[in-house]
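Chain residues, written in single-letter form:
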Amino acid sequence: MMRSMPNLQRWNAQSYAEKAHFVGDLAGAVVELLDPRKGERILDVGCGDGYLTHRLATMGARLLGYDLSPELANAARARGLEVIVGNAEEMDFSCEFDAIFSNAALHWMRRPSAVVAAVANALKPGGRFVGEFAGFGNAFRIRCEIHQALERRGIESAKVDPWYLPTAQAYRGVLEGGGLMVSNVELFDRPVVLDYSIIEWIRIFGSPYLTVLGSELEKTVFLDEVSQRLEPELLGADGRWTVDYTRIRFRAEKA
């Protein structure tokens, strides 16, 4: 059984808007798979600051955002969106939505079966669950170096790793175990070139790792160490860093 763990990830709405915009910009294929239709009621699970949610709303669907971060939820509300702050593992809707969508969020949810069960309850009969999130092997080199640096400090890295990163086959099992019929699920590589340093990437997307370190000086030394070890593999000749992202993209329906 996947362990439950406290939510250690913290988001800053301004830095998210400045540094994480590529998350929504790369969502074209999964939005196409969702195929939102005018008048449909759609729940966006892990809506973040509402950048992509707003885009879906302009297509004519009626959107409700759902996110665990109050800071990002407030940023989404500033876009004129309706947003609920809550844990998607504990959603309590019943047959309310034509579709449920999620982009770049499900890897933060360590109880995937609970999420899928809540999704199945929330969908109307014939409704669809469509999404994309980090899968097996995501940021592999970065995670390896972070884990090794933690272990060198006597910290058990497995207890800090914040992500759920399944294979496509494993996630198909989760969807089917929740009573959904899977029409598409695939795992693919999608390396992303950053406009900023790998240290900034870790601070934004890997902040749980830093919570087990003490002072800011200790965190700075740790990040410098990880960055130096990653340079030979991930830093290009042009001075730009590449993150070895993988993604699972899926679509499943409720009978």
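Residues numbered from 1 in each chain as written. Predicted model: local features only at pLDDT ≥ 70, side-chain atom pairs only at ≥ 80, totals over all residues. Heavy atoms only, no water.

**Considerations on the sheet that holds strand E4 (residues 97-103)**
Thought 1: The strand order across the open sheet built from 7 strands is E3-E2-E1-E4-E5-E9-E6, with neighbouring strands paired in mixed fashion. Two strands close off the open sheet at either side, each with one partner strand: strand E3 (83-85) and strand E6 (180-189). Across this sheet, the average inter-strand angle for adjacent strands is 15 degrees, counted without regard to direction.
Thought 2: Helix H8 (residues 168-177) contacts strand E5 (123-133), E6 and strand E9 (246-254) of the sheet and is inclined by roughly 160 degrees relative to E6. (Pairing = 2+ DSSP bridges. Helix = DSSP H or I, 4+ residues; strand = E, 2+ residues; numbered from the N terminus. Axes fitted to C-alpha atoms, helices over the stretch in contact; angles between N-to-C directions. Contact = heavy atoms within 4.5 Å.)

**Observations concerning the pattern of salt bridges**
Thought 1: Under the criterion given, the structure shown has 22 salt bridges.
Thought 2: With a shortest N-O distance of 3.4 Å, Lys124 and Asp98 are connected by a salt bridge. Separated by 26 residues along the polypeptide, Lys124 in strand E5 and Asp98 in strand E4 bring together distant segments of the chain.
Thought 3: The shortest N-O distance in the salt bridge between Glu233 and Arg141 comes to 3.0 Å. One end of the pair, Glu233, is in helix H11 (residues 216-234); the other, Arg141, is in helix H7 (residues 140-152), and 92 residues separate them in sequence. (Salt bridge = Lys/Arg side-chain N within 4 Å of Asp/Glu carboxyl O.)

**A few points about the side chain of Arg143**
Thought 1: Of note, Arg143 is situated in helix H7.
Thought 2: Relative accessible area serves as the criterion here: at 17%, Arg143 is assigned to the buried category.
Thought 3: With sequence-adjacent residues up to four places away left out, Arg143 is seen in contact with Asn138, Asp161, Trp163, Leu165 and Tyr209. (Buried < 20%, exposed > 50% of the residue type's maximum accessible area, 1.4 Å probe, protein only.)

**What about the packing of aromatic side chains?**
Thought 1: A full pass over the atoms with the stated rule returns 12 aromatic pairs.
Thought 2: Taken together, a centroid distance of 6.2 Å and an interplanar angle of 75 degrees make the contact between Phe133 and Phe250 edge-to-face. Of this pair, Phe133 sits in strand E5 while Phe250 is found in strand E9, placing the two residues 117 residues apart along the sequence.
Thought 3: Judged by its relative accessible area of 0%, Phe133 is buried.
Thought 4: Phe250 sits in the buried class, given a relative accessible area of 0%.
Thought 5: Both rings, one in Trp201 and one in Tyr245, keep their centres 6.2 Å apart while their planes meet at 70 degrees; by these two values the pair is edge-to-face. Note that Trp201 is positioned in helix H9 (residues 198-205) and Tyr245 in the loop between strand E8 (242-243) and E9, a separation of 44 residues in sequence. The same class applies to Trp201 and to Tyr245, which are both buried.
Thought 6: By way of ring pairs, the aromatic residues Phe129, Phe133, Tyr164, Tyr171 and Phe250 are connected into one cluster. (Phe/Tyr/Trp six-rings, centres within 6.5 Å; stacked < 30°, edge-to-face > 60°.)

**A word on the nonpolar core**
One broad trend across soluble globular proteins is that nonpolar side chains are buried collectively.
Thought 1: Residues Leu43, Met91, Ile100, Phe129, Tyr171, Leu175 and Phe250 are the most contacted members of the largest nonpolar core, which totals 32 residues.
Thought 2: When contributions to this core are tallied by element, the ones reaching two or more residues are strand E1 (41-45), strand E2 (62-67), E4, helix H6 (112-122), E5, H8, E6 and E9.
Thought 3: The element best represented in this core is H6, accounting for 6 residues.
Thought 4: Phe250 has contacts with Leu33, Leu106, Phe129, Val130, Gly131, Glu132, Phe133, Tyr171, Leu175, Asn184 and Val185, leaving out every residue within four places of it along the chain.
Thought 5: If you look at the next biggest cluster of nonpolar residues, it comprises 30 residues, including Ile146, Ala149, Val243 and Tyr245. (Core = buried A, V, L, I, M, F, W, Y, C linked by side-chain atoms within 4.5 Å.)

**Topic: the packing of H9 against H11**
Thought 1: One way to put it is that H9 packs onto H11 with a least axis distance of 9 Å and a crossing angle of 125 degrees. Our classification of the angle between H9 and H11 gives oblique. Once H9 is placed against H11, the crossing between them reads as right-handed. Residue-level contacts link Ile198, Ile199, Ile202 and Arg203 of H9 to Glu216, Thr220, Leu223, Asp224, Val226, Ser227 and Leu230 of H11. (Parallel < 35°, antiparallel > 145°, perpendicular 65-115°, else oblique. Left-handed = near helix turned anticlockwise from the far one by under 90°.)

**Topic: H7**
Thought 1: The end-to-end C-alpha separation of H7 is 18 Å, in line with the 18 Å expected for 13 residues at 1.5 Å each.
Thought 2: Of the residues making up H7, those classed as buried are Ile142, Arg143, Cys144, Glu145, Ile146, His147, Ala149 and Leu150.
Thought 3: Tucked inside the fold, the buried residues of H7 contact H9, helix H10 (207-210), H11 and E8.
Thought 4: At the C-terminal side of H7, Gly154 shows a positive phi close to 80 degrees. (Expected span 1.5 Å × (residues − 1).)

**Overview of the packing of H6 against H8**
Geometrically, a packed helix pair is captured by the angle between its two axes and the distance between the axes.
Thought 1: H8 packs onto H6 with a crossing angle of 45 degrees between their chain directions and a minimal axis gap of 8 Å. Judged by the angle between their axes, H6 and H8 are oblique. For the element pair H6 and H8, the recorded crossing hand is right-handed. Contacts between H6 and H8 involve Pro112, Ser113 and Val116 from the former and Tyr171, Val174 and Leu175 from the latter.
Thought 2: Classifying every residue of the contact of H6 with H8 by side-chain character gives 5 nonpolar, 1 polar and no charged. (Nonpolar A, V, L, I, M, F, W, Y, C, P; charged D, E, K, R; others polar.)

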